[in-house]
Every structure is written in C-alpha cells, then in structure tokens.
Amino acid sequence: MAEICCETEAMAAADAACEPRSRAARRRRMEIRRFRFIASSEEVAPADEELSRKRRRLHCFAWPKASRKDPAEDAAEEPVDRGNGTENTLSSDADASSGPEAPQARAVGSGPSDLGLRYVAAGTGPSDLCPRYGMTSVRGRRREMEDAASMRPDFLRRCREPYGRHHFFGVYDGHGCSHVAVSCKDRMHEIIAEEAGSMRSGPPPAEEWREVMERSFARMDAEAVAWCGSGPRDPASCRCELQTPRCDHVGSTAVVAVVGPARIVVANCGDSRAVLCRNGVPIPLSSDHKPDRPDELERIQAAGGRVIYWEGARVLGVLAMSRAIGDSYLKPYVVSEPEVSVTEREEGDECLILASDGLWDVVTNETACDIARMCLRSGAPAAAAAEEEEEEERRRFKDKACSDAAMLLTRLALARQSADNISVVVIDLRRSSY
Amino acid sequence: MDSRFHSCFEEWVREQESDLNELQEVMQSERRENDAQLRELVEKSMRHYKEYSDKRRLLAREDGPTIFCPPWCTAFENSFLWLGGCRPTLSIRLLYAISGYELEAHLDDLLAPGGAAASIRRGLVGLSPAQLTTVNDLHCQTLKEEDRLSSKMATLQEDVADKPLLPIATDRASRRAERAEGNGGHGVVEAAMNVYAEKLAGMVEEADMLRVATLRTLVVEILTPLQAVELLVAAKQLHLSVRQWGQRRDLHRRQRG
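Parameters at a glance
- All residue numbers refer to position in the chain's written sequence, counted from 1.
- A letter from A marks each chain and a number from 1 marks each ligand, given out in the order of writing.
- Only residues with pLDDT of at least 70 get local features here, since the model is predicted, and only at 80 or more are side-chain atom pairs given and counted; chain-wide, interface and lining totals rely on the full set of residues.
- Excluded from the side-chain calculation are hydrogens and water; included are all heavy atoms of the structure.
- Where helices and strands are cited, they refer to DSSP runs of H or I of at least four residues and of E of at least two residues respectively, numbered from the N terminus.
- Only protein chains enter the accessibility calculation, which uses a 1.4 Å probe; a residue is then buried when its area is under 20% of its type maximum, exposed when over 50%, and partly exposed in between.
- Two residues form a contact once any of their heavy atoms are found within 4.5 Å.
- The accessible surface values rely on the Shrake-Rupley method and a 1.4 Å probe; as for residues, cover is taken only from the protein chains in view.
- What the globule rule says is 2.2 Å times the number of residues to the power 0.38, and the radius of gyration is computed from C-alpha atoms.
- What pLDDT conveys is the predictor's confidence in a given residue, as a value from 0 to 100.
- Two rings belonging to Phe, Tyr or Trp (six-membered ring only in the last case) form a pair when the distance between their centres is within 6.5 Å. Interplanar angles under 30 degrees mark stacking, angles over 60 mark edge-to-face geometry, and anything in between is tilted.
- UniProt positions are given in the numbering used here, feature names are shortened, and annotations may be inferred rather than shown by experiment.
- Pairing between strands requires that DSSP locate at least two bridges from one strand to the other.
- In this analysis a 1.4 Å probe is tested at points of a 1 Å grid over the protein atoms alone, and where it fits but cannot get out there is a cavity; an open set with protein on both sides within 12 Å along at least five of seven lines is a pocket; lining residues have an atom within 4 Å of a point.
- Grid points are joined across faces, edges and corners, and a volume is the space filled by probe spheres set on the points.
- All amino acids are sorted into three groups, where Ala, Val, Leu, Ile, Met, Phe, Trp, Tyr, Cys and Pro are nonpolar, Asp, Glu, Lys and Arg are charged, and the leftover types, Gly among them, are polar.
- Each axis is a line fitted through C-alpha atoms, and for a helix only the stretch in contact is used; angles between axes span 0 to 180 degrees, taken between their N-to-C directions.
- Small angles under 35 degrees read as roughly parallel and large ones over 145 as roughly antiparallel, with 65 to 115 read as roughly perpendicular and the rest as oblique.
- Should the near helix be turned anticlockwise from the far one by less than a right angle, the crossing is left-handed, and should it be turned clockwise, the crossing is right-handed.
- Summed over both partners, the accessible area lost on bringing two parts together, with a 1.4 Å probe, is the buried area.
- As used in this structure description, the phrase polar contact means that two N or O atoms lie within 3.5 Å; if the pair is within protein, one of them must be able to donate a hydrogen and the other to accept it, and residues adjacent in sequence are counted only when both atoms belong to side chains.
- Here, expected helix span is obtained from the residue count minus one, scaled by 1.5 Å.
- What we call a nonpolar core is a set of buried Ala, Val, Leu, Ile, Met, Phe, Trp, Tyr and Cys residues that are connected through their side-chain atoms within 4.5 Å.
- By definition here, a salt bridge exists when the distance from a side-chain nitrogen of Lys or Arg to a carboxyl oxygen of Asp or Glu is within 4 Å.

K.L.:
Teacher, can you tell me more about the overall build of chain A here?
P.N.:
The secondary structure content of chain A amounts to 13 helices and 14 strands. For chain A, with 434 residues in total, the buried portion stands at 58%. Within chain A, contacts between residues at least 6 apart in sequence are counted, and of these 73% link residues at least 24 apart. Total accessible area computed for chain A in this model is approximately 16800 Å², and 54% of it derives from carbon and sulfur atoms.

Here it is as structure tokens:
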C-alpha cells in the first residue's frame, strides 16, 4: 500500500504544482495569508513549521501564488504572470531569470518574514515555464502495483540561472516487487541533479548529458542493490519482505526525460518508452531493451548469458527485458547502463509521452500520438475561450488537456486488455502552452 | 435443507431481474437525462443488495457452510464464488471493461478531424481523470482487504489439521468403539464443527460487507448517476447470465449423462 500512498501523494503534488483547481488554489492562498498574519505577530514557529512540513510533502513543487502577501499585490501580480506566459518562448535562456519574474522575487525577499523567501528558494517562482503535464498510473488488471512515476519541475535549481529551467519526468515499471521502482521515483531525479551539478556550474551540454545519465543510472542501480542489504523497513511497503532471499530478484525499468529550454534528454533502461510527437508524427526517443533485439542479444551472449524463449524472449529464461535497474542476480547479462538520446526542441514539437509497457503493449506510437494531440487540440479552444478569465483558470484548461490525454491513453490500454499496470505521463511541449 | 435459504436466494434473483428491467427501461427513455431519478434507482438497487446481505447474515449464523457453498447455485456459478459471493473487485474490473469497450468503439470518431471529446463526455466512456484516480485508489484498498480475508480463510481451512479436530480424528478408532457401546462421543466433534461453521459465517459476513461497500462507493460516491446505472445494468446482466449459462450447462450434462 505504501506505493499507493506515494502515488496519491504524487498526484496531489502534481495537482498542486501544475493543476491548481482554482478553488483549491484560492483556499491555499488564503491559508498562506493567514500564516503570514500570524508571522507578523511573532508566533511564527508552529505555523511555519507546519507549512514547511506540508511543503516538503509536496516535494517542494512549484507554488506560484505562494509568495503573495495581500489582495492588492495579487492584483498587481496578475499581469506579470500573463506576460510571462505569453511572451516567453523558452528559447532564450535569459528569459528564465531576467524576465518579469525578477522584480517579484525582490519584492518577496524584502518581505517582513522569511516565509516568502523560503518559498522562492524552494519553489520555482512563477511556474509558467514548466510545461503542462498530466499523469495517470493505475493498477489495471494486475493484483500488484509495481509502476511508479515522478514529475519534478525545475529539478536543477542550483544551476537555473542563466541556463533556464530543466524539468524532470520519469516512469518506472518494477518487477518482482515495487521497491526498486519506488526508490527510482524517490531518488533518480536527485541523483541526476547531483551529477549534472558536478559537471560545471550550469546544466551539461548535449554531449555531456550522456555521461551524466550513465553515471546517474549506475548510482541508482547501486542504491537499489544496496537497499536489499539495508536494515529493517516498513513491512507494509513491500511484499518481497516475505521472501527475503529473492530480494535481489527485484528490478525496474527506467525511462526519464529532462526537458530543458532547448533540448530534451531521454535516458532509458528497460522496456518503458518515450515518444515525441512532432508535427503529428511519433518519434520514439528511446528504444526498448528486449532480449531479442539483435544488438542486445549479441551483448548478452558475449557476456556469457543466454536468451531463452519462455513466453517470449527472456534473459536466462527469466527476465523479459535486457536492461534494468536492480536485478543483481542477472548481472552481467542484464545491465543498468541507459541509452541516451538528446533531441533539439523544434517549433513543431507537440508533446512527449512517457509510459510503461502496460500502454505500449497494446497501443501503437501512432495511436498514442493521435490521441494525445487530439486532447491537446481540444483543450486549446477551451483555454482560449477562458482568455478573459484569470490566469489560473486558463492554466487549468491546459492542465486538464494533458491529464485527459494521459487518462484516455490509460483507458484505451485497459480497453485493449492490457494485463499490466499502466503508467502514462503526457507533457505538452507546444510553446504557446506555457 | 431449510427452504428459507433457497427462497432468500430466489427472491434475490427475482429482484435482480426486476431491477435490471427497470434500469434498462430508464436508459431507453428520456429519463436517462434526469439525474435525480437515476440516483433514486441506484439507491433502490443498493438497498436491495444491502437487504439481501442482511438476510444472508442471519442465515449464515444458522448455517455457515451452506451459504459458503450454496446447493441452489449451479456448479458453474459456484466456481466463481469467493467467500460465498462474487469478488468485491469484480465491480471495478467490470467498470474498466465496459468503459473501455465504449472508448474503443468511439475511438475513430474521436480521432476524426473535428471529433470533439465533449460529444462523449457522458456515461462511463467519459470517465474523468479524477474519477479514474479514485477508482484506482478504491481498487487498491479493496484488493488489500480481499487479500486479507483470503489469508484469514486460508488459516481457517488449515486449522482443520490442528486442535480440536485433529486429536478427535486420530482418536477415531477408540471413539468408534465407544459409539458401539452407546457412549456417544459426538458431542466434542459437533462442538468443534459448530465453532468452524460460526467462523465461516463471520467470513461471509465480512466478505458481504466488503462487496456491498465497494459497490456502494463506486456507484454512489465516484460515478455519476448515469455511469452508475450503466455499471449496475452490466453487473446484473453478468450475474443473471452466469446463472443461466450454469443452468443450461447442467441441463446438457444431465441429458448426456
């Protein structure tokens, strides 16, 4: 059940970050105002702590309206948001730091309590730069839930300026148990951020991303393997607790995408997949690691392993993929080294879909692309119609289009008798949608 | 066997049939647009379900094993039983299936140029992301409960190899002698069997509560009235069909045998 809790929490976090239903967001704003009121009367500690705890639970996600102080400032801020949303094309790195957001940050910094400052430090300021995204992750027809997905807007905070924000998305499809997938969900983005940060002051250039990803996946794999030997854990979180000797028979796929202002970096290990929809055409940004892929077969055999056909091609007749995080008992045949693709963003990019094989087994790249485009297109008129509404309202329509797309894909997979857990993340890449 | 057991079930089947007719009628009429009326029908179905499970609880206390493996059901029907009834998660799987069929059927329209998503918003095919999330949560909770009850049942069944039944069984030879002498000896066995039967009744009760609660959460809290009616129609059709198929199968087997 723990992974389920995490999941709903992540959903809630996603909601908080990029799907602010206006009422909830308003309520949140009001709460914050209340806290601020208290803060000014020197009774800040408990409320402050409570708030920061809440925020931690939300994975420090963007909380764009959090820095507001009073209704008057609300009114003043609205056009700032709008300006950022419409003018920023994301192509210029400088926009991210020197845009209309800068004065706002200053205004908050000079606020009476440190509450506002912390928000700026932890959040992303105006999150207009985060692409809209939607996620669905369901158990479907399986009795276990071993999928996990994570979305971390602006995850390279330290090197944000002047390079622009980078956003992280990952889908992990566990096998044997859910704990490796859950570890990936909790840690992968942190590891990648550390590795990327250690390269230089800014995010690595295209050619260095490969190295960053390879090192990160290796570290993630080492952590997953070490997890098995670690101390007592919450037994409810993990069913393989019952079968400790088989703990090393646990692993996970990992497909992660780092969406930056200029390019998309995808690293993949296993049979989850990332597909880019560009000008209506699906372009796979990863290639599934199946044991019968000729180069993978060759690699496995060169390492002394065998691929046996037992309900499909399997490494040693066991695992139906040729790379994974974890699975220490199948090393060196099953490796954790990712394949990395770096794609320059173009005007015609519409969306990026990350999903576990629960989707790809039954839905083609073309159909997935068509459905996602259809949802994004049908979301656009609604958003445009809401032009007169406040910014929040417009964002809500755009968010809804993405989660509609993720959900429709999930339901299509269910309709086509997908027997697996299904996780889908849809990221809107259209410039106009920021 | 007590006829009350049989008639309780027969009555339930008749109720299912009449509720199904009513639900289908409403779906054919313009009343399908009237949420208040649909909600009323959903409540009525759920009330009948609850009443049936209340009656079963009382009967189960009298005779747990009979409810567990009801002789009035066909072998085919009984093969689907989990703790005396359908699996609680079945309603969720059913929901996935029907919402999926309709989506697949509408897919081409949906992807056609100008195919507005809005045109299919109503009904199960228009399940929203928020609904899917809550359904998934319910699915997870229900599976956990189902597994808990399954393992409780396993323990109960395995306990037959333990006290107090095992010593009685191994002691059989001597007890047979006692019986010959007219000393009885049934008392201990009967008491042990009664304890087991009571525990079975408790299992049926818990399982029924989970079945009713899961369906109620789905049709009352998560789904819209129209979606709820669609699901109930499918559930009742499935239940009645399985019964019919089982009867037909039994008939064929008798004719052949």
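K.L.:
Can you help me understand the overall build of chain B in this one?
P.N.:
Counting secondary structure elements, chain B contains 10 helices and zero strands. In chain B, the order of α-helices and β-strands from amino to carboxyl end is α-α-α-α-α-α-α-α-α-α. The C-alpha radius of gyration of chain B comes to 23 Å, more than 25% above the 18 Å expected for a compact globule of 257 residues. Its C-alpha atoms give chain B principal-axis dimensions of roughly 90 × 40 × 35 Å. The buried share of chain B, taken over its 257 residues, is 43%. In chain B, the share of contacts with a sequence separation of at least 24, taken over all contacts with a separation of at least 6, comes to 81%. As presented, chain B carries roughly 13800 Å² of accessible surface, and 53% of it is formed by carbon and sulfur atoms.

K.L.:
Can you help me understand the confidence of the model for chain B in this one?
P.N.:
Detailed reading of the predicted coordinates is not advisable wherever pLDDT falls low. Averaged over chain B, the pLDDT score is 87; the fraction of residues at 70 or greater is 90%. Interface confidence in the predicted complex, given as ipTM, is 0.75; pTM for the same model is 0.71.

K.L.:
Can you help me understand the packing of aromatic side chains in this one?
P.N.:
How two aromatic rings sit relative to each other is given by the distance of their centres and the angle of their planes. Residue and element names in this part refer to chain B. Under the definition given, this model contains seven aromatic pairs over all chains. Geometrically, the ring pair formed by Trp12 and Tyr52 is stacked, given 4.5 Å between the ring centres and 5 degrees between the ring planes. Remark: Tyr52 occurs in helix α2 (residues 35-62) and Trp12 occurs in helix α1 (residues 3-28); sequence separation between them is 40 residues. Classification of Trp12 by relative accessible area gives buried; the value is 7%. Seen from their ring centres, Phe76 and Phe80 are 5.3 Å apart, and the 85 degrees between their planes marks the pair as edge-to-face. Here Phe76 falls in the partly exposed class, since its relative accessible area comes to 25%. In this structure an aromatic cluster arises from ring pairing among Phe5, Phe9 and Trp72.

K.L.:
Can you help me understand the UniProt feature "coiled-coil region" (unreviewed entry) in chain B in this one?
P.N.:
This chain's UniProt record puts "coiled-coil region" (unreviewed entry) on residues 13-40 of chain B. When the span residues 13-40 of chain B is considered, its composition is 79% helix and 0% strand, and the gap between its end C-alpha atoms is 20 Å.

K.L.:
Just checking my understanding: could you explain the pairing of strand β14 (residues 422-428) of chain A for this structure?
P.N.:
A regular strand places its side chains so that they alternate between the two faces of the sheet. Residue and element names in this part refer to chain A. Of all seven residues in β14, seven are buried, a share of seventy percent or more. Taking every second residue as pointing to the same face, both faces of β14 are buried, with Ile422, Val424, Val426 and Asp428 on one and Ser423, Val425 and Ile427 on the other. Pairing geometry for strand β1 (residues 133-138) and β14, over six bridges, is antiparallel. Note that in β14 the partner of Ser137 across the bridge is Ser423. Across five bridges, the pairing between strand β13 (residues 349-355) and β14 is antiparallel. If you follow Leu354 over to β14, its bridge partner there is Val425.

K.L.:
Could you clarify how one ought to interpret the layout of surface pockets in this entry?
P.N.:
Vacant regions in the atomic arrangement are exposed by a probe of water-molecule size rolled over the atoms. Residues and elements named next belong to chain B. Its volume calculated, the largest pocket comes out at about 860 Å³. Taken together, 35 residues make up the lining of the largest pocket; nearest its centre are Tyr49, Gly85, Cys86, Leu90 and His239. When residues of the lining of the largest pocket are traced back to their parent elements, those giving at least two are α1, α2, α5 (90-111), α9 (186-222) and α10 (225-256). Per element, the largest residue contribution to the lining of the largest pocket is eight residues, and it comes from α10. Here the lining of the largest pocket is built from residues that sort into 21 nonpolar, seven polar and seven charged.

K.L.:
Is there a simple way to explain the packing of α5(B) against α10(B) in this structure?
P.N.:
Residue and element names in this part refer to chain B. Packing of α5 against α10 leaves a shortest axis separation of 10 Å and a crossing angle of 110 degrees. With respect to their mutual orientation, α5 and α10 come out roughly perpendicular. The two elements α5 and α10 meet at a crossing, and its hand is right-handed. On the side of α5, the interface is formed by Ser91, Leu94, Leu95, Ile98 and Glu102, while α10 contributes Glu230, Leu231, Ala234, Ala235 and Leu238. Across the contact of α5 with α10, the residue classes tally to seven nonpolar, one polar and two charged.

K.L.:
Hey, could you run me through the interface of chain A and chain B in this one?
P.N.:
Of the residues lining the interface, 30 residues belong to chain A; the matching set on chain B comes to 33 residues. Across the chain A/chain B interface, buried area totals approximately 2500 Å², and carbon plus sulfur atoms make up 64% of it. On inspection of chain A and its partner chain B, the count reaches seven residue pairs in polar contact (both at pLDDT 80 or more). Listing elements by their share of the side of chain A that touches chain B, those giving two or more residues are α1 (2-18), β1, α12 (365-385) and α13 (391-415) of chain A.

K.L.:
Would you explain α5(B) in this entry?
P.N.:
Since the α-helix advances by 3.6 residues per turn, residues separated by three or four positions end up pointing in the same direction. For α5(B), with 22 residues, the first-to-last C-alpha span of 31 Å sits near the 32 Å given by 1.5 Å per residue. Every buried residue of α5(B) is listed here: B:Ser91, B:Ile92, B:Leu94, B:Leu95, B:Tyr96, B:Ala97, B:Ile98, B:Ser99, B:Gly100, B:Leu103, B:Leu107 and B:Leu110.

K.L.:
Explanation requested: the sheet that holds strand β8 (residues 281-284) of chain A in the structure shown.
P.N.:
Think of a sheet as strands paired side by side through backbone hydrogen bonds, with each pair either parallel or antiparallel. Residues and elements named next belong to chain A. Spatially, β1-β14-β13-β7-β8 is the arrangement adopted by the five strands of the open sheet, whose pairing is antiparallel. In this open sheet, the two strands that pair with only one neighbour each are β1 and β8. Taken over all neighbouring pairs, the strand axes of this sheet differ in orientation by 20 degrees on average, direction set aside. Judged from the four bridges that link them, strand β7 (residues 273-278) and β8 form a sheet pairing that is antiparallel. Note on β8: the bridge partner recorded for Val275 is Pro284.

K.L.:
In this structure, what is going on with the packing of α1(B) against α2(B)? I would like to understand it.
P.N.:
Any two packed helices are characterised by how steeply their axes cross, that is the angle between the axes, and by the distance between the axes. Residues and elements named next belong to chain B. Two elements in contact, α1 and α2, have axes separated by 11 Å at closest approach and are oriented at 170 degrees. Classified by the angle their axes make, α1 and α2 are roughly antiparallel. Where α1 approaches α2, its residues Arg4, Phe5, Cys8, Phe9, Glu11, Trp12, Glu15, Asp19, Glu22, Leu23 and Val26 are matched on the opposing element by Leu38, Leu41, Lys44, Ser45, His48, Tyr49, Tyr52, Lys55, Leu59 and Glu62. Looking at the contact of α1 with α2 residue by residue, the class counts come to 11 nonpolar, two polar and eight charged.

K.L.:
Explain the nonpolar core to me, please; I cannot follow it from the model alone.
P.N.:
One finds A:Ile353, A:Leu359, A:Val424, A:Val426, B:Leu218, B:Val219 and B:Leu231 to be the most contacted residues of the largest nonpolar core, which totals 89 residues. The dominant element in this core, judged by the number of residues it contributes, is α9(B), at 11 residues. Once residues within four sequence positions are removed from consideration, B:Leu231 is found in contact with B:Ser91, B:Leu94, B:Leu95, B:Ile98, B:Leu124, B:Leu215, B:Leu218, B:Val219 and B:Leu223. Ranked by size, the runner-up nonpolar core spans 29 residues in total, among them A:Cys177, A:Trp209, A:Met213 and A:Ala224.

K.L.:
Help me understand the side chain of B:Arg56, please; the structure alone is not making it clear to me.
P.N.:
In this structure, B:Arg56 sits in helix α2. Taking relative accessible area as the criterion, B:Arg56 reaches 7% and is therefore assigned buried.

K.L.:
When you look at the pattern of salt bridges in this model, what are you seeing that I'm missing?
P.N.:
Any two side chains of opposite charge can pair, so long as their charged atoms come close to each other. Inspection of the entire model under this criterion finds 42 salt bridges over all chains. The residue A:Arg187 makes a salt bridge to A:Glu190 at a minimum N-O spacing of 2.5 Å. Taken together, the residues A:Arg187 and A:Glu190, both in helix α8 (residues 179-199) and three residues apart, mark about one turn of the helix. Taking the shortest distance from any N to any O, the salt bridge between B:Asp208 and B:Arg211 comes out at 2.7 Å. Residue B:Asp208 and its partner B:Arg211 are both found in helix α9; the two are separated by three residues, about one turn of the helix. Each member of the pair B:Asp208 and B:Arg211 is classed as buried. One continuous salt-bridge network, built from bridges that share partners, spans A:Glu194, A:Glu195, A:Glu211, A:Arg215 and A:Arg219.

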